[in-house]
Amino acid sequence: MARDGLRVKDTSSGPPLWTADFGLFFTARTTSLLGDAMLPVAITAAVLHAGYGASGVGYALAALVAPFAALIIFGGVMSDRLGARRLMVVSDAARLCSQGALALLFLSGTPQLWQILVLLALIGAGGALFQPGVASITPLIAQDVQKANATLRISESVTVVIGPSLAGLLLVISSPAAVVAVDALTYAASGLCLLLLRSVPMGPAERKGKSSFRADLVEGWQEFRARTWLWSVIVVFMLWQLAGAGPAMTLGNSSLVTDHGASVFGMVMSSLGAGSVLGGLLAIRLRPRYPLRAGALSMILWAPMPLSVALGFSAPLIAGCYAVSGVGMAFWIVMFHTSVQTHIPQDVLGRVHAYDAAGSLVMKPVGQAVAGPLAAVAGAVPLLYVSTSMALVACGLLLAIPAVRGLKSVQRSRPGHHGGGGTADHRTAGAQPPRVPQE
């Protein structure tokens, strides 16, 4: 059944998703995400307990995030050169060692602030090596890439809600240092699951000839910029992060805590996570013929989030609006990631994903940083109205770009799985990977 380019597919008749390898990858990804969600809470408590105050917490969180943003492009190159699975295992091992050392420092006394920052920077750098492999491995272990992405998105949404709560519960019954140590074990679980994968080789995809690191970096950029639908989405999202998401997260969250209290803020964030789970479930069921077009339309659902805070709605109504926004954003993320993973050749997928991830993130901290000073001049409510309008602007801009609204969905088969309208993996076909039309 099709209507306005949207297909509702009976997923029960499709290829099975829960193979042994997908189960292992799902477990690895979920435990890694759980650790990522727990870590800021654990580090905040540990740094405060060590006596470094709010400034120390700010330095610590920045040390964790900055290396990730700075190195993810290089992580994409290394992922394609060395193999995504191998690099992810190395990343998990390195982060296990770094965070284990950090836990030992906290358990043995009060570490110096520079020691905390160095170890956190190493953990952030490990994340930059891990992330590109997520995009590279997903289409290799799942015949239904959209269903796999939607399932992983549901897992991410759940861990975002559970992770901080679990860290908080552990802090009640143990010390911050112990929570840091427990959190480090999530990297061990992730790495073990990745080691047990069978259908994904440790090495990289086959490539003709040899190339330098610089040549691979340039090739990834060329593949990224050659696709109008891809780079134009990133440009739009840079604008949205600057004027939409940045003010919404900074001012919206601050207003919620100030006006309604921390407990209401926690309830609202839980509603956002619940909405994201629902959005992932919808992405499993709905199969748009034009995924980026459908995803752009779902961006409209993000508008109620900042608007509800600006209009001073009651707490239950704000929570409902945040849930609606979670549905829209989760659906968009699945549509975009699936488009990237099914349209980009496997041998450059890690690098291209790294470029789109870096572009998507670069303006986020800028938007968050300038929101406070601007609110002091113009007021928080006007900026939240601007943030609301940016959801509509982003939707309009995406739909105005022919390459974005006209990109069709494709099915990409795993190696050894041909037919069904899918594109065979180029390694099993024994040919150079097909390059999609460079729109």
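Engineer: So what about the overall build of the protein? Which residues, and what values?
Structural biologist: Across its full length, the protein holds 17 helices and five strands. Out of the 439 residues in the protein, the part that is buried amounts to 51%. Taking contacts inside the protein between residues at least 6 apart in sequence as the whole, the part at least 24 apart equals 86%. Of the accessible surface of the protein, which amounts to about 18000 Å², a share of 69% is contributed by carbon and sulfur atoms.

Engineer: Give a description of the pattern of salt bridges that names residues and reports values.
Structural biologist: Here the structure, examined in full by the defined rule, presents eight salt bridges. A salt bridge links Arg 351 to Asp 80; its shortest N-O distance comes to 2.7 Å. Pair noted here: Arg 351 is in helix 13 (residues 349-362) and Asp 80 is in helix 2 (residues 53-82), with a separation of 271 residues, a long-range link. A single burial state applies to Arg 351 and to Asp 80, both of which are buried. The salt bridge involving Glu 156 is made with Arg 153; its shortest N-O contact spans 3.2 Å. Residue Glu 156 and its partner Arg 153 are located together in helix 5 (residues 145-173), separated by three residues, close to a single helical turn. On the basis of relative accessibility, which here comes to 27%, the residue Glu 156 falls in the partly exposed class. On the basis of relative accessible area, Arg 153 is assigned to the buried category, the value being 14%. Linked through salt bridges whose partners overlap, the residues forming this network are Asp 80, Arg 81, Asp 216, Glu 219 and Arg 351.

Engineer: Got a sec to walk through the packing of helix 8 (residues 228-260) against helix 13? Specific residues and values, please.
Structural biologist: Where helix 8 contacts helix 13, the axes come no closer than 7 Å and their chain directions differ by 25 degrees. For the element pair helix 8 / helix 13, the angle class is roughly parallel. When the axes of helix 8 and helix 13 are compared, the crossing they make is right-handed. Seen from helix 8, the contacting residues are Leu 230, Ile 234, Met 238 and Gln 241; seen from helix 13, they are Val 352, Asp 356, Gly 359, Ser 360 and Val 362. Classifying every residue of the contact of helix 8 with helix 13 by side-chain character gives five nonpolar, three polar and one charged.

Engineer: So what's going on with helix 3 (residues 84-108)? Which residues, and what values?
Structural biologist: Here helix 3 contains 25 residues, and its C-alpha end-to-end distance of 36 Å stays within 8% of the 36 Å for a straight helix at 1.5 Å per residue. Taken from the residues just after helix 3, Gly 109 is the one with a positive phi, measuring 155 degrees.

Engineer: How would you sum up the confidence of the model for the protein? Please name residues and give values.
Structural biologist: On average, residues of the protein score 84 in pLDDT, and 89% of them are at 70 or above. Low pLDDT, under 50, characterises residues 413-439; the stretch is placed with 56 contacts to residues that sit more than four places away or in other chains.

Engineer: Explain the packing of aromatic side chains to me, and be specific about the residues and the numbers.
Structural biologist: If you walk through the whole model with that rule in mind, you get eleven aromatic pairs. Measuring from ring centre to ring centre gives 5.2 Å for Phe 237 and Trp 332, while their planes differ by 10 degrees; the resulting arrangement is stacked. A residue pair is termed long-range when its members are at least 10 positions apart, and Phe 237 in helix 8 and Trp 332 in helix 12 (residues 315-343) qualify at 95 residues. Its relative accessible area of 6% is what places Phe 237 among the buried residues. When its relative accessible area of 3% is taken as the criterion, Trp 332 is described as buried. One aromatic cluster is present, built from ring pairs that chain together Phe 237, Trp 240, Trp 302, Trp 332 and Phe 336. When the ring centre of Phe 130 is taken as origin, the NZ or CZ atom of Arg 95, which lies over that ring, is 4.8 Å away.

Engineer: Residues and numbers for the environment of Ser 298, please.
Structural biologist: Within the secondary structure layout, Ser 298 lies in helix 10 (residues 291-298). Accessibility expressed as a relative area gives 8% for Ser 298, which makes it buried. Sequence-wise, Ser 298 and Gly 328 are 30 residues apart; in three dimensions their C-alpha atoms are separated by 4.7 Å. Residues contacting Ser 298, with those up to four places away along its chain left out, are Gly 328, Phe 331 and Trp 332. Only 3.2 Å separates the side chain of Ser 298 from the backbone oxygen of Gly 328, close enough to count as a polar contact.

Engineer: Give me the lowdown on the side chain of Gln 99, citing residues and values where you can.
Structural biologist: Considering the arrangement of structural elements, one finds Gln 99 in helix 3. Classification of Gln 99 as buried rests on a relative accessible area of 0%. Not counting chain neighbours up to four residues away, the residues in contact with Gln 99 comprise Leu 39, Ile 123, Val 180, Asp 183, Ala 184 and Tyr 187.

Engineer: Could you give an account of the packing of helix 5 against helix 6 (residues 176-195), with specific residues and numbers?
Structural biologist: For the pair helix 5 and helix 6, interaxial distance at closest approach is 8 Å and the crossing angle is 135 degrees. In terms of their interaxial angle, helix 5 and helix 6 are classed as oblique. Handedness of the crossing formed by helix 5 with helix 6: right-handed. Side by side, helix 5 and helix 6 meet where Ala 167, Leu 170 and Leu 171 of the first sit next to Pro 176, Val 179 and Val 182 of the second.

Engineer: Pulling in residues and values, what's your account of empty space enclosed by the protein?
Structural biologist: This structure, assessed with the given rule, holds two cavities of 30 Å³ or more. Of the volumes computed, that of the second largest cavity is approximately 30 Å³. Considering the residues around the second largest cavity, the lining is formed by Ala 248, Met 249, Gly 252, Asn 253, Met 305, Pro 306, Val 309, Tyr 322 and Leu 384. For the lining of the second largest cavity, the secondary-structure elements that each account for two or more residues are helix 8 and helix 11 (304-310). Among the elements that make up the lining of the second largest cavity, the one with the highest residue count is helix 8 (four residues). When the residues that make up the lining of the second largest cavity are grouped by side-chain class, the tally is seven nonpolar, two polar and no charged.

Engineer: Could you give an account of a nonpolar patch on the surface, with specific residues and numbers?
Structural biologist: Residues Leu 242, Val 366, Val 370 and Leu 374 make up a contiguous nonpolar surface patch of roughly 270 Å² in combined accessible area. The greatest single-element share of the nonpolar patch, amounting to three residues, is contributed by helix 14 (residues 364-378). Relative to the elements of secondary structure, Leu 242 occurs in helix 8.

Reading guide: rules and limits
Residues numbered from 1 in each chain as written. Predicted model: local features only at pLDDT ≥ 70, side-chain atom pairs only at ≥ 80, totals over all residues. Heavy atoms only, no water. Helix = DSSP H or I, 4+ residues; strand = E, 2+ residues; numbered from the N terminus. Buried < 20%, exposed > 50% of the residue type's maximum accessible area, 1.4 Å probe, protein only. Contact = heavy atoms within 4.5 Å. Areas by Shrake-Rupley, 256 points an atom, 1.4 Å probe, with all protein chains shown as cover. Salt bridge = Lys/Arg side-chain N within 4 Å of Asp/Glu carboxyl O. Axes fitted to C-alpha atoms, helices over the stretch in contact; angles between N-to-C directions. Parallel < 35°, antiparallel > 145°, perpendicular 65-115°, else oblique. Left-handed = near helix turned anticlockwise from the far one by under 90°. Nonpolar A, V, L, I, M, F, W, Y, C, P; charged D, E, K, R; others polar. Expected span 1.5 Å × (residues − 1). pLDDT = per-residue confidence, 0-100. Phe/Tyr/Trp six-rings, centres within 6.5 Å; stacked < 30°, edge-to-face > 60°. Lys NZ or Arg CZ within 6 Å of the ring centre and 35° of its normal. Polar contact = N/O pair within 3.5 Å; in protein donor to acceptor, adjacent residues only side chain to side chain. 1 Å grid on protein atoms, 1.4 Å probe; cavity = no way out; pocket = protein on both sides within 12 Å on 5 of 7 lines; lining within 4 Å. Points joined across faces, edges and corners; volume = space filled by probe spheres on them. Patch = residues over 30% accessible without salt bridge, like charges linked within 9 Å, V, L, I, M, F, W, Y side chains within 5 Å.

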